[in-house]
Amino acid sequence: MLLPLRPGPARATPAQVAALIAELVGEAELHDGRVKLDLPVMVENGNAVAMTVSVDAPVSQVRSIDVFAEGNPLPHVLRLQFGPRAGAARIATRIRLATSQTVIAVAKLADGSCWRDSVDLLVTLAACID
Amino acid sequence: MAGLDPAIPPGTDTAGMAGSRPAMTDGGRAGGAFLTRLVLAATLTLLASIGWAAEKHSGYDDAGPETRAMQDDDASNPGFLWVQQGEALWSERIGAAGRSCADCHGAGHVAMRGVATRYPQYDARLGRPVTLTQRIEQCRIERQAAPPLPPESDALLGLAAYVGLQSRGMPVQVEIDGPGQSFFDSGKALYTARQGQLNLSCSQCHDGLAGQRLGGSVIPQGHPNGYPEYRLEWQGMGSLDRRIRNCMAGVRAEPFAADSEELTNLELYLGWRSNDLKVETPAVRP
Amino acid sequence: MVRVLINVPKRVKKGEAFDVKLLISHPMESGQRRDAMGEAIPRDIINSFVCTYNGEEVLRADLFPAIAANPFLSFAAVAEESGTLVMRFTDDHGTVQTETVNVTVE
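Keep in mind that this is a model prediction, so the values were computed, not measured. (Residues numbered from 1 in each chain as written. Chains lettered and ligands numbered in written order. Predicted model: local features only at pLDDT ≥ 70, side-chain atom pairs only at ≥ 80, totals over all residues. Heavy atoms only, no water.)

A. Examining the pairing of strand 8 (residues 96–105) of chain C more closely. All names here are of chain C. Here strand 8 shows a clear split, with Gln97, Glu99, Val101, Val103 and Val105 buried on one side and none of Val96, Thr98, Thr100, Asn102 and Thr104 buried on the other. Both strand 2 (residues 11–12) and strand 8 contribute to a ladder of 2 bridges, which runs parallel. Paired with Val12 across the two strands is Val105, which belongs to strand 8. Taken together, the 8 bridges between strand 7 (residues 83–91) and strand 8 define a ladder with antiparallel strand orientation. Bridged to Leu85 within strand 8 is Val101. Following strand 7, the chain reverses through 4 residues before pairing antiparallel with strand 8; Gly94 in that reversal takes a positive phi of roughly 90°. (Buried < 20%, exposed > 50% of the residue type's maximum accessible area, 1.4 Å probe, protein only. Helix = DSSP H or I, 4+ residues; strand = E, 2+ residues; numbered from the N terminus. Pairing = 2+ DSSP bridges.)

The following block contains the structure:
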């Protein structure tokens, strides 16, 4: 039986994530919008949460997408870069969420602008562990 | 009493199911107790008429929308990783006999169509019921002259998932007449018996409290129509054996041994109890 | 070698985006769990995924422990001529696994 205990810090903090985002964004201004983070607000099981991130821009204009989870022990979830054969600035996957928290997506565009979206979610623990 | 508790599947003998309904008022308040029952009956009738939680239904209906979506799309259903493995194993020649499943059965999607709907089933030669997984192992040992696959191994789950998939969408049709009856009765007794430090029976939760919540989760009716299934809590694929053993550990009971007579009899009962529900293998559940 | 299941449409239209869906059989051990003896289970994940089509990049992803076990990825690619989608996965041990699937452009 596996025990859900952690050796390191229990959770990242919003301040830590803000610092990671500041490093990512650099000198550019961070605006809300254009990137859309799709996550269920009520999470049935934190082990596998369906997530879609998409950017309202031609994919050739999208430099990168990063996703951060403020409440996870390790906040960086995903980094994505698109190439010339990409069909759309979009990815769907499933992520792990340790607890109820805010998840943030940051997209950087070719013109240097940076865009952000966030979702606050509730993560319920399973009633029957294992 | 089954009529007052629509969560109990019709035809279930509720004798001995103490605690499957909420306690009523004491005998000294006969009038109040009657009124309570009347209101309860009226409410349950109303709820049953709008189809709420009353009918026999799959755990799929109790899962959240994202979990259902994961199951609905074969391209995103992780269970298909095991189906893929099972399909490959179906054609693999193994054992001293150098024989594959396909060599005897032919194409899996033809020969195995509908098979999973009838398991567990009574085996006249063995004189007891066998589950689908046990049947697969039996074939390996006796007809392929190969060693059995370890329980809960990816290979065994893969084969069971591949065979189960060939019955997807078809109604469960487990038979308990004739020589299987006594094993069925044992299984049902296990289902309704209190066990463990928490002193709970399967029936108390999965008949009496199905549709209500334990923690953040909706309590399902506990039908095995999607096994082997991908369970998010397991982060992997697992068998009905595993799920039942987990449940027993959950009520702090000593779990029945894997592949034991008790588990097989209980699974025969559970299979019959899920009759007419559609097979969903490989299901996805929280 | 991990099992991979790739889904692409049988035929795609020239210049029109099409969905690529894949499932990878991998526990994506986060490094955050402990075993029954209380020992930390070491991290062991697929940390990089690169997809190319006829030699040109479709996308590249850095994956972290927060990606769920048995990863599912769904993204869009676009093709001008028939060819081969090549997917490369790298894990924490440095092992690289390559999977390919042919795409027919009509």
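Once the structure has been displayed, the description carries forward.
B. View of the interface of chain C and chain A. Each partner contributes residues to the interface: chain C has 39 residues there, and chain A has 31 residues. For the pairing of chain C and chain A, the buried interface totals around 3000 Å² over both sides, and the portion due to carbon and sulfur atoms is 53%. Considering only the surface of chain C that becomes buried against chain A, C:Gln32, C:Arg34 and C:Ala66 emerge as the three largest contributors, covering 21% of it. Where chain C meets chain A, there are 2 salt bridges. Between C:Glu56 and A:Arg85 there is a salt bridge; the shortest N-O distance is 2.9 Å. (Contact = heavy atoms within 4.5 Å. Buried area = accessible area lost by both parts, 1.4 Å probe. Salt bridge = Lys/Arg side-chain N within 4 Å of Asp/Glu carboxyl O.)

C. Fine view of the nonpolar core. With 60 residues, the main nonpolar core has C:Leu22, C:Phe49 and C:Leu85 as its most contacted residues. B:Cys101, B:Leu159, B:Val163 and B:Met237 belong to the second largest nonpolar core, which has 35 residues in total. (Core = buried A, V, L, I, M, F, W, Y, C linked by side-chain atoms within 4.5 Å.)

D. Region of the structure containing the sheet that holds strand 6 (residues 236–238) of chain B. Residues and elements named next belong to chain B. Read from one edge to the other, the open sheet built from 3 strands follows the order 6-5-7, with strand pairing classed as mixed. For this open sheet the edge positions go to strand 6 and strand 7 (284–285), each flanked by a neighbour on one side alone. Pairing of strand 5 (residues 229–231) with strand 6 involves 3 bridges; the strand directions are antiparallel. Bridging across to strand 6, Glu229 finds its partner in Gly238.

E. Highlighting helix 7 (residues 154–165) of chain B. Residues and elements named next belong to chain B. A rise of 1.5 Å per residue sets the reference length of helix 7, with its 12 residues, at 16 Å; its end C-alpha atoms lie 16 Å apart and thus fit the reference within 8%. Summarising burial for helix 7: 11 of the 12 residues are buried, a large majority. Taken residue by residue, helix 7 has Ala155, Leu156, Leu157, Gly158, Leu159, Ala160, Ala161, Tyr162, Val163, Gly164 and Leu165 as its buried positions. Those residues of helix 7 that are buried lie in contact with helix 3 (79–90), helix 4 (101–105), helix 5 (108–111), helix 6 (132–142) and strand 6. (Expected span 1.5 Å × (residues − 1).)

F. Inspection of the packing of helix 8 (residues 181–192) of chain B against helix 11 (residues 261–273) of chain B at higher detail. All names here are of chain B. Two numbers describe how helix 8 lies on helix 11: the axes approach to 7 Å, and their chain directions differ by 90°. With respect to helix 11, the axis of helix 8 lies roughly perpendicular. Contacts between helix 8 and helix 11 involve Phe183, Phe184, Ser186, Gly187, Lys188, Leu190 and Tyr191 on the former and, on the latter, Glu262, Asn265, Leu266, Leu268, Tyr269, Leu270, Trp272 and Arg273. Broken down by class, the residue content of the contact of helix 8 with helix 11 amounts to 9 nonpolar, 3 polar and 3 charged. (Axes fitted to C-alpha atoms, helices over the stretch in contact; angles between N-to-C directions. Parallel < 35°, antiparallel > 145°, perpendicular 65-115°, else oblique. Nonpolar A, V, L, I, M, F, W, Y, C, P; charged D, E, K, R; others polar.)

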